[in-house]
Amino acid sequence: DPTQKAIFGFGAGGSYTAISNLVSSSGVVATDTAGVGTARNYLACVSYGGDKAIFAFGYSASSPAQAGMSNLVSNSGVVSSDVTAVGTARNGPAGCSFGSDGQAVIAYGNLGPATTSISNLISSVGVVSSDVTGVGTVRVSTACAPYGVGLGIFCYGNNASVQSNKVSNLGVVAADVSAAGTRRWELGGCGYGTDKGIFWGGYPPAGFQGTNLVTNLGVIGSDVTAVGTGRQYCSMSSYGGDKAIGAFGAYSGGTTNISNLISSSGVMAADTTGVGTARQSSAAAGYSQIA
């Protein structure tokens, strides 16, 4: 069953942070929860096991800056301490769940000297696998959204053109396919409506305020102008079984904590007054099947 609640975590405002904010099954963002784990940004967060989530990789103030750890999130939204992740440390990856038994995939990112297309599977108990040889154009700051039944799709990023890569129900990333929409990066992606996906925000142009809906067949639609404050470095998650929420990020006025709810038909609502520490490049995913 689709997850009912969501969590936004980590990111950077004036400094790197590990704080998190839980989202209720009705889309209400809670105040900050004290951070657990290494403070960092540019990380990925995906749901696994049907009711839990995992934060992984990122960029920190430590040396080396490319982070190689993960943090599990329980089905009550509690973030665990660092676990040294298997796989190449990197920042700016993305991921989504796949299949019918609670697995997920994280792929792409920046190794420091170069971008990559490697991927790492995550088991139904939250174990990160070793690197899988990359497929598709190497890039950073892409986004991923689920669609259909147990499928996913990566799209956008800092590559030279708009390319998408579908994910099978076995977690296999497919070769590049040209896709619709404005070429951009630093955006968010998630599922909505139980079998569709959505991409939102990004750069350039700065503070892009548009969405691209993904059908249940994995077809990405052209840009749709959305309401609310346009921004980049934003995060998204599904919640409530069939809805989504986008929050945090940056725009011309600096970092923000405003959020925008997205209906079960993929329509974005106006800004909701921000809750929690304003920051950018956080990550988000759904957890908990129980409202």
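Residues numbered from 1 in each chain as written. Predicted model: local features only at pLDDT ≥ 70, side-chain atom pairs only at ≥ 80, totals over all residues. Heavy atoms only, no water.

Trainee: Please explain the sheet that holds strand β11 (residues 115–122) as it appears in this structure.
Mentor: The strands that make up a sheet pair up through hydrogen bonds in the backbone, lying either parallel or antiparallel. The strand order β9-β10-β11 describes an open sheet built from three strands, whose pairing is antiparallel. Either end of the sheet is taken by a strand with one partner, and the two such strands are β9 (94–98) and β11. Taking the axes of each pair of neighbouring strands and ignoring which way they run, one obtains an average angle of 15 degrees across the sheet. In terms of strand pairing, β9 meets strand β10 (residues 103–110) through five bridges, oriented antiparallel. Bridging from a neighbouring strand, Cys96 pairs with Val105 of β10. (Pairing = 2+ DSSP bridges. Helix = DSSP H or I, 4+ residues; strand = E, 2+ residues; numbered from the N terminus. Axes fitted to C-alpha atoms, helices over the stretch in contact; angles between N-to-C directions.)

Trainee: Explain the sheet that holds strand β5 (residues 52–56) here, please?
Mentor: On the basis of which strands lie adjacent, the open sheet formed by four strands has the order β4-β5-β7-β8 and antiparallel pairing. Because the sheet does not close on itself, it has two edges, and the strands there are β4 (44–48) and β8 (83–84). One ladder, built from two bridges, connects strand β7 (residues 69–73) with β8; its direction is antiparallel. Paired with Ser70 across the two strands is Val83, which belongs to β8.

Trainee: Sorry if this is basic, but what is going on with the nonpolar core here?
Mentor: If you look at soluble globular proteins, the nonpolar side chains tend to sit buried side by side. Ranked by size, the top nonpolar core spans twelve residues in total: Ile7, Phe10, Ala18, Leu43, Cys45, Ala53, Phe55, Val73, Val79, Ala283, Ala285 and Tyr287. At three residues, the largest contribution of residues to this core is made by strand β23 (residues 283–287). Not counting the four nearest positions on each side in its chain, Ala283 is found in contact with Ile7, Phe8, Gly9, Leu43, Ala44, Cys45, Phe55 and Ser235. (Core = buried A, V, L, I, M, F, W, Y, C linked by side-chain atoms within 4.5 Å. Buried < 20%, exposed > 50% of the residue type's maximum accessible area, 1.4 Å probe, protein only. Contact = heavy atoms within 4.5 Å.)

Trainee: Can you walk me through the pairing of strand β2 (residues 16–23) in this structure?
Mentor: Side-chain positions along a regular strand alternate between the two faces of the sheet. Among the eight residues in β2, six count as buried, and that is most of the element. Sheet topology places strand β1 (residues 5–12) next to β2; six bridges connect them, and they run antiparallel. Bridge assignment links Gly11 to a residue of β2, and that residue is Thr17.

Trainee: Could you clarify how one ought to interpret the pattern of salt bridges in this entry?
Mentor: Pairing between side chains becomes possible if they bear opposite charge and their charged atoms approach one another. Overall, the coordinates contain three salt bridges when judged by the stated rule. In this structure, Asp51 engages Lys52 in a salt bridge whose closest nitrogen and oxygen atoms are separated by 2.7 Å. Judged by relative accessible area, Asp51 falls into the buried class, the value being 15%. Note on Lys52: relative accessible area 23%, which makes it partly exposed. Residues Lys243 and Asp242 are paired through a salt bridge, measuring 2.9 Å at the closest nitrogen-oxygen approach. Taking relative accessible area as the criterion, Lys243 reaches 25% and is therefore assigned partly exposed. (Salt bridge = Lys/Arg side-chain N within 4 Å of Asp/Glu carboxyl O.)

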